[in-house]
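Here is how the chains run, residue by residue.
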Amino acid sequence: MAKTNTAELLEALASEIGENVYIDIAKWHLYLSDAKLHTVVAEQLYPLITSNAVNEDSVIKVLESIPVKIGGGRRELALIDLLPLQCQVNLVDILEKYQREF
C-alpha cells in the first residue's frame with residue numbers, strides 16, 4: 001500500500017469500511033456503503049492513519065463528530081450512537097491494518 005496515492009488509498013479504505021461496518025437500527029444492519037457514509041468516514045479518519053494516531057479514543061472522537069440525518073433530516077445523531085460495539089472494534093482493526101501498511 002505504500003506505493004499507492006492518497007486517492008487510491010482513500011478509495012480502498014472507504015470500500016473496506018463500507019463493506020464491514022454497519023449502523024444498527026431496530027436490529028436492521030445498514031452497511032455504511034449502502035448508507036452512503038463510507039467515503040465521509042474514510043475521509044475523516046484518514047488523518048489518524050497518516051499521523052500514526054489510530055487508537056480507540058481517537059476513532060470514537062471522530063465518529064462522535066460525524067452527524068447522521070434521520071427522519072428525513074428532522075433530527076441528527078452522531079454516527080457513534082448508531083454503531084454497535086462490534087462495528088467500532090472492526091473499524092479500529094481496519095484502521096490499524098491500514099496504519100501498519102501505510
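Residues numbered from 1 in each chain as written. Predicted model: local features only at pLDDT ≥ 70, side-chain atom pairs only at ≥ 80, totals over all residues. Heavy atoms only, no water.

*Asks:* Teacher, can you tell me more about the overall build of the chain here?
*Replies:* A tally of helices and strands in the chain yields four helices and four strands. Start at the N end of the chain and walk to the C end: the helices and strands fall as α-β-β-α-α-β-β-α. Here the C-alpha coordinates of the chain stretch approximately 40 × 25 × 20 Å along the principal axes. Long-range pairs, those at least 24 residues apart, make up 58% of the contacts in the chain with a sequence separation of at least 6. For the chain, the exposed surface amounts to about 6300 Å²; the carbon and sulfur share of it is 50%. (Helix = DSSP H or I, 4+ residues; strand = E, 2+ residues; numbered from the N terminus. Contact = heavy atoms within 4.5 Å. Areas by Shrake-Rupley, 256 points an atom, 1.4 Å probe, with all protein chains shown as cover.)

*Asks:* I tried to follow the pairing of strand β3 (residues 67-70) on my own but got confused; where do I start?
*Replies:* Each regular strand carries side chains that alternate between the two faces of the sheet. Direction of pairing for β3 relative to strand β4 (residues 75-78): antiparallel, over a ladder of four bridges. Looking at the pairing, Pro-67 lines up with Ala-78 of β4. Between the end of β3 and the start of β4, which pair antiparallel, lie four residues, with Gly-71 showing a positive phi angle near 60°. (Pairing = 2+ DSSP bridges.)

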